[in-house]
Amino acid sequence: MGSFNYFCQQAINALQLGSIYALIALGYSMVYGVLSMINFAHGDVFMLGAFFCLLLVALVPVPFWLALIIVMGSTALLGTLIERFAYRPLRKAPRVSAIITALGCGLVIQNVTLGFSPYARRMPSLLDITTYQFGGLSISTLQILIIGISLSLMVLLDYLIRRTPFGMAMRAISFDRATVPLLGVPANTVITITFAVGAALGGAAGLLYGLAYPVISPTMGIAVGWKAFVAAVIGGIGNMRGAVLGAFLLGGVEVITVTLLPSTYRDLVVYSLLLVILVFKPYGLLGKPPLQKV
Amino acid sequence: MKNRLLTPALLLAGLAISAILPATGLVNDYLQFVLVSLAINAILCVSLNLVNGWMGEFSVGHAGFMALGAYASALLTVRLFPGAPSWLIFPLAIVTGGSVAGLAGLPVGFLSFKTRGDYLAIITLAFLMIVKSGLENIPFTGGPRGLLGIPHFTNLPWAYFCCVVAFWGVRNLVYSKFGRGISAIREDEVAAESMGVDTRSAKLAAFVTSAFFAGVAGALFAHQLQFINPSSFDILKSTEMLVMVYLGGVASLGGSLLGAGVVTVLTQILQPLGTWRMVVLPLMLVLLMLFRPSGIMGYSDWSWLKPRGERNPKPKPEPKQ
Amino acid sequence: MTPLLEIRNLTREFGGLRAIADLGMMVHDSDLMGIIGPNGAGKTTFFNLLSGIYRPSSGEILFRGNRIDRLRPSEIARLGIARTFQNIRLFRELSVLENVRIAYDSHLKYSPMAALFHSTGLRQAEQGSTRAAQELLDLFELGSLAHERAGDLPYGSQRRLEIARALALRPSLLLLDEPAAGMNPSEAMKLLDFLRWVQKKFTLTIIIIEHHMQLVMGLCTRIEVLDFGVRIAGGSPTEIQNNPRVIEAYLGAEGEIP
């Protein structure tokens, strides 16, 4: 009975971590689906979500829900600015240029934040947390909240993509950018909104992560954000379902790893898993190879 | 006939100068340090340029090869043969470092057969993280605290010598059928295959050579700093190398020298900025991509760096001899 | 006499689409064969199958009696099949000379180690390759452009360069994919004479995909017609011009082939 309890407890931890990863991973996949580029800066947008929250509540003590909305709005804005000034000029450039720029942007964001805050910070608690115990399991309102909000946002995104004209345009662009304007939808608008939505999700993830694991650091973008990227690639980058699948898979793997091995092994296991999966499924678990016309 | 001997003579003179210079007192310790760093950076830059410049890929994992070379060489001099005389053990350490790194280049090379572009970038990133994380977890390599007490074997003559060898090796590879094949892969892999280029051996040649020299640079680095730990070889280190390549010039030997020179000097000048100096390099990367993606000397080279048969005046025809 | 090239039941599918369906063909030495058909008929797919870029879904391709359909493109190139591309795939950033030298490289036999050390053997091989490439360029009236960036060449010169590059492989079979694309009628006829000369000078067998009917009818001894991946007709130029199925494929049920 004890080990079953332990298993359930870890399962909840994995769900929590996985849902946060999923929010970030979706941002990576959305952008890749629409522009075929890896937005390396996304992990650092996630990190800023946490730091924006820190800054916000230090200036103006706001309730949780308001903080979440403000943070999501801020990161959404940031995401669109990065797209407008760093990525859009490179739309016609070789793909390598865009990836390099994204990497550069992410590192600039990280290192500027490091400049302002060289040390890790503690995220203040924005809510009163109660922990429920039943049947030997403890689950806190925070965990429920995180999982609940993440799942809600994912459902919202799914609705957005499958039931709205924007969503259709987004999917159309990933197939053929040139014809989309002919359908009466300006491609740039769709792309901007995609970045905004992805960044908003990333910001939300940052805030939630800060609440769940209250010590945040500017290097979080690489330490955590990139693992969500790994999740997206494992699932099949560009594929929404893949992102979510990869995220929960990775959450589970990480939680298992930490129970069996010292926590310093986390990165090793995660990136080795990525490599192994890519060797056997070069486009991720749910991904498809791009068709190349000769 | 006299011309044939000019280049080796000049190079040897350079070696002699590098050996004598420190003793003359003209060059203080700090300047020596900078010059050695410049040589190490030049080796890193030209080796990365082989894959990122000539072959047109995007390898982010180069610091991983450097790390393998650094650790392999340091383990040799610190753990295996401590106290051995430098003239005996150092060349062995350098070659070991290079070879270990070169060997690691093989699997990455094999993976590049089927994967290109974004996915190869991801694979090289994973490689970097695995090396870094692996080193952090192996007690034999000192874990996260790293290796201390590495003997200070790296001096100006050694750095100069390795730098010359690296540039010579890469130059020879580039101006051979393998180098042309590598460039052809960059331009159009399908057409290259259709024109008989064995893309597989070209890719392996590129990755293994590139990794080997990165390992050599790592060995020099370890024996200059006398202390290495896994966080010396992280994504920021890789970014430093990327800036060198894309600033100096892709697919260019002269560009590699230039890029290494600028970044080395910049790193020294920016020291007083403290943590803020780490903003400059990635910012430069972004600006480079936006305004001058092939760098200062992209795809071109100074004549004196090319083999004699390749020095083409253009567009006037050469007079018959 | 063994045909140079034999195609048996060649099929290639993409997802549910049959780009090439059960194709059969024979090409003999010194043939000048034309492949024609409406857009999307599968002509370039056919070339891609021949040159190894695609693997057949089923069927066989035999070159001098040996199966080549499982080989890599570089191996097929070394066996003696060279091609040009519909969209001109030159190595644009490289010089004109380097473009040709790369094709010639498959005849150079030194190892990577020799390359790393630039042995005397290598230097001689390199000099030989440069000379051979320059001679070929001179023959194609591109000699003075040897050190120009290939991407900077005017369109017609680029097409000629692509053919020169293919010939540096010393092939016995040359596949030309729409070499006259973008040319006006008089340029196309000049190309016709040029190709006749190429075939004689280099003792080649040529298969050419073209839409310029005058060129195809004037150059080729045999023509195969594809439509929707299926061979609908084959024969001499005159036979093809009067074949109703061919006319229908191009223009609906009436009209003539221009």
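Small disclaimer: the values here were computed from a predicted structure and weren't measured.

## Quick look at the overall build of chain A
Scanning chain A from terminus to terminus reveals 10 helices and four strands. Across chain A, helices and strands are ordered from the amino to the carboxyl terminus as α-α-α-α-β-β-β-α-α-α-β-α-α-α. In terms of overall size, chain A behaves like a compact globule, its C-alpha atoms giving a radius of gyration of 19 Å where 294 residues would be expected to give roughly 19 Å. If one aligns the C-alpha atoms of chain A with their principal axes, the spans along those axes are about 60 × 50 × 40 Å. Among the 294 residues that make up chain A, the fraction classed as buried is 47%. Intrachain contacts of chain A at a sequence separation of at least 6 include 76% that bridge at least 24 residues.

## What to know about the overall build of chain B
The helix and strand inventory of chain B stands at 12 helices and zero strands. Helices (α) and strands (β) of chain B occur, in sequence order from the N terminus, as α-α-α-α-α-α-α-α-α-α-α-α. Relative to the compact-globule value of 20 Å for 321 residues, chain B shows a C-alpha radius of gyration of 20 Å, a close match. Dimensions of chain B, computed from the C-alpha atoms along their principal axes, are close to 60 × 50 × 40 Å. Residue burial in chain B is summarised as follows: out of 321 residues, 58% are buried. At a minimum sequence separation of 6, the contacts of chain B that also span at least 24 residues come to 83%.

## Observations concerning helix α9 (residues 199-225) of chain B
Residues and elements named next belong to chain B. The terminal C-alpha atoms of α9 lie 38 Å apart, and with 27 residues this matches the ideal 39 Å at 1.5 Å per residue to within 8%. In terms of burial, α9 is largely enclosed, as 24 of its 27 residues are buried. With its phi angle positive at about 65°, Gln-226 sits one or two positions after the end of α9.

## A short note on the packing of helix α3 (residues 62-80) of chain B against helix α4 (residues 86-114) of chain B
Angle between the axes and distance between the axes are the two parameters that describe a pair of packed helices. All names here are of chain B. Two elements in contact, α3 and α4, have axes whose closest approach is 8 Å; the angle formed by their N-to-C orientations is 145°. The two elements α3 and α4 meet at a crossing, and its hand is right-handed. Only Ile-89, Leu-92, Ala-93, Ile-94, Thr-96, Gly-97, Gly-98, Val-100, Ala-101, Ala-104 and Gly-105 of α4 make contact with α3, whose side of the interface consists of Phe-65, Leu-68, Gly-69, Ala-70, Ala-72, Ser-73, Leu-76 and Thr-77. Broken down by class, the residue content of the contact of α3 with α4 amounts to 12 nonpolar, seven polar and no charged.

## Examining the interface of chain B and chain C
Contacts between the two partners involve 30 residues from chain B, matched on the other side by 35 residues from chain C. Broken down by secondary-structure element, the contributors of at least two residues to the side of chain B that touches chain C are α6 (156-174), α7 (177-187), α8 (189-194) and α9 of chain B. Looking at which element gives the most residues to the side of chain B that touches chain C, the answer is α7 of chain B, with seven residues. Among the residues making up the side of chain B that touches chain C, the classes are represented as 12 nonpolar, 11 polar and seven charged.

## Observations regarding the sheet that holds strand β6 (residues 81-83) of chain C
All names here are of chain C. Read from one edge to the other, the open sheet built from six strands follows the order β6-β7-β8-β3-β9-β10, with strand pairing classed as mixed. Two strands bound the open sheet, and with one partner strand each, they are β6 and β10 (230-235). Going across the sheet, the axis of each strand differs from the next one's by a mean of 20°, ignoring polarity. Of the pairings in the sheet, the one linking β6 to strand β7 (residues 173-177) comprises three bridges and is parallel in character. Residue Arg-83 lies in a different strand from β7, and its bridge partner there is Leu-175.

## Notes on the sheet that holds strand β2 (residues 17-27) of chain C
Pairing between sheet strands relies on hydrogen bonds along the backbone, with the strands arranged either parallel or antiparallel. All names here are of chain C. Spatially, the four strands line up as an open sheet ordered β2-β1-β4-β5, and their pairing is antiparallel. Edge positions in the sheet fall to β2 and β5 (66-67), since each has one partner strand and no second. As defined by bridge partners, strand β1 (residues 5-14) adjoins strand β4 (residues 58-63) across five bridges and the pair is classed as antiparallel. Its bridge partner being in β4, Leu-5 is matched across the sheet by Phe-63. In the packing of helix α1 (residues 43-50) onto the sheet, contacts are made with β1, β2 and β4, and the angle to β2 comes to roughly 65°.

## Digging into unusual backbone geometry
Here the phi dihedral of Arg-64 of chain C falls at roughly 50°; this positive angle occurs in a residue that is not glycine. Topologically, Arg-64 of chain C is positioned in the loop between β4 and β5.

## Quick look at the nonpolar core
Grouped together as the largest cluster of nonpolar side chains are 282 residues, with contacts concentrated most on Ala-25 and Ala-204 of chain A together with Ile-43 of chain B. No other element matches the 16 residues that α9 of chain B contributes to this core. Each residue touching Ile-43 of chain B, except ones within four places of it in the same chain, is listed here: Cys-162, Cys-163, Ala-166, Phe-213, Val-216 and Ala-217 of chain B.

## Overview of the packing of helix α5 (residues 141-163) of chain A against helix α7 (residues 187-212) of chain A
Residue and element names in this part refer to chain A. Where α5 meets α7, the closest approach of the two axes is 10 Å, and the angle between their N-to-C directions is 170°. As far as their axial angle goes, α7 and α5 are roughly antiparallel. Contacts from Leu-142, Ile-146, Ile-149, Ser-150 and Leu-153 in α5 reach Leu-201, Ala-204, Leu-208, Leu-211 and Ala-212 in α7. Residue classes in the contact of α5 with α7 are distributed as nine nonpolar, one polar and no charged.

## What to know about the confidence of the model for chain B
Residue and element names in this part refer to chain B. Of all residues in chain B, 96% have pLDDT values of 70 or greater, and the mean over the chain is 90. Ignoring residues within four places in sequence, the model shows residues 315-321, a span with pLDDT below 50, making four contacts including any to other chains. Scored by ipTM, the complex comes to 0.91, with pTM at 0.91.

## Let's talk about the pairing of strand β2 (residues 131-134) of chain A
Along any regular strand the residues' side chains alternate between the sheet's two faces. Residues and elements named next belong to chain A. Bridge count between β2 and strand β3 (residues 137-140): four bridges; the pairing is antiparallel. Bridge pairing in β3 links Thr-131 to Ser-140. The turn linking β2 back onto β3 is made up of two residues, and Gly-135 within it adopts a positive phi angle of 60°.

## Some thoughts on the environment of Arg-123 of chain C
Looking at where Arg-123 of chain C falls in the secondary structure, it is placed in helix α5 (residues 120-139). Distance in space between the C-alpha atoms of Arg-123 of chain C and Ala-41 of chain C is 47 Å, their sequence separation being 82 residues.

## A few points about the pairing of strand β3 (residues 32-36) of chain C
All names here are of chain C. Among the five residues of β3, four are classified as buried, and the element is accordingly described as predominantly covered. Examined bridge by bridge, β3 and strand β9 (residues 222-227) share four bridges and lie parallel to one another. Directly across from Ile-35, in β9, lies its bridge partner Glu-224.

## Here we look at the environment of Pro-56 of chain C
Residues and elements named next belong to chain C. If you trace the backbone, Pro-56 turns up in the loop between α1 and β4. Pro-56 sits in the partly exposed class, given 19 other C-beta atoms within 10 Å. Between the C-alpha atoms of Pro-56 and Gly-16, which are 40 residues apart in sequence, the distance is 14 Å. In this view, Pro-56 contacts Leu-10, Thr-11, Arg-12, Leu-49 and Asp-69; residues no more than four positions away in its chain are not counted.

Reading the values: the criteria
- Residues numbered from 1 in each chain as written.
- Chains lettered and ligands numbered in written order.
- Predicted model: local features only at pLDDT ≥ 70, side-chain atom pairs only at ≥ 80, totals over all residues.
- Helix = DSSP H or I, 4+ residues; strand = E, 2+ residues; numbered from the N terminus.
- Rg over C-alpha atoms; globule rule 2.2 N^0.38 Å.
- Buried ≥ 20, exposed ≤ 12 C-beta atoms within 10 Å, placed from the backbone.
- Contact = placed C-beta atoms within 7 Å.
- Expected span 1.5 Å × (residues − 1).
- Axes fitted to C-alpha atoms, helices over the stretch in contact; angles between N-to-C directions.
- Left-handed = near helix turned anticlockwise from the far one by under 90°.
- Nonpolar A, V, L, I, M, F, W, Y, C, P; charged D, E, K, R; others polar.
- Pairing = 2+ DSSP bridges.
- Core = buried A, V, L, I, M, F, W, Y, C linked by C-beta atoms within 7 Å.
- Parallel < 35°, antiparallel > 145°, perpendicular 65-115°, else oblique.
- pLDDT = per-residue confidence, 0-100.

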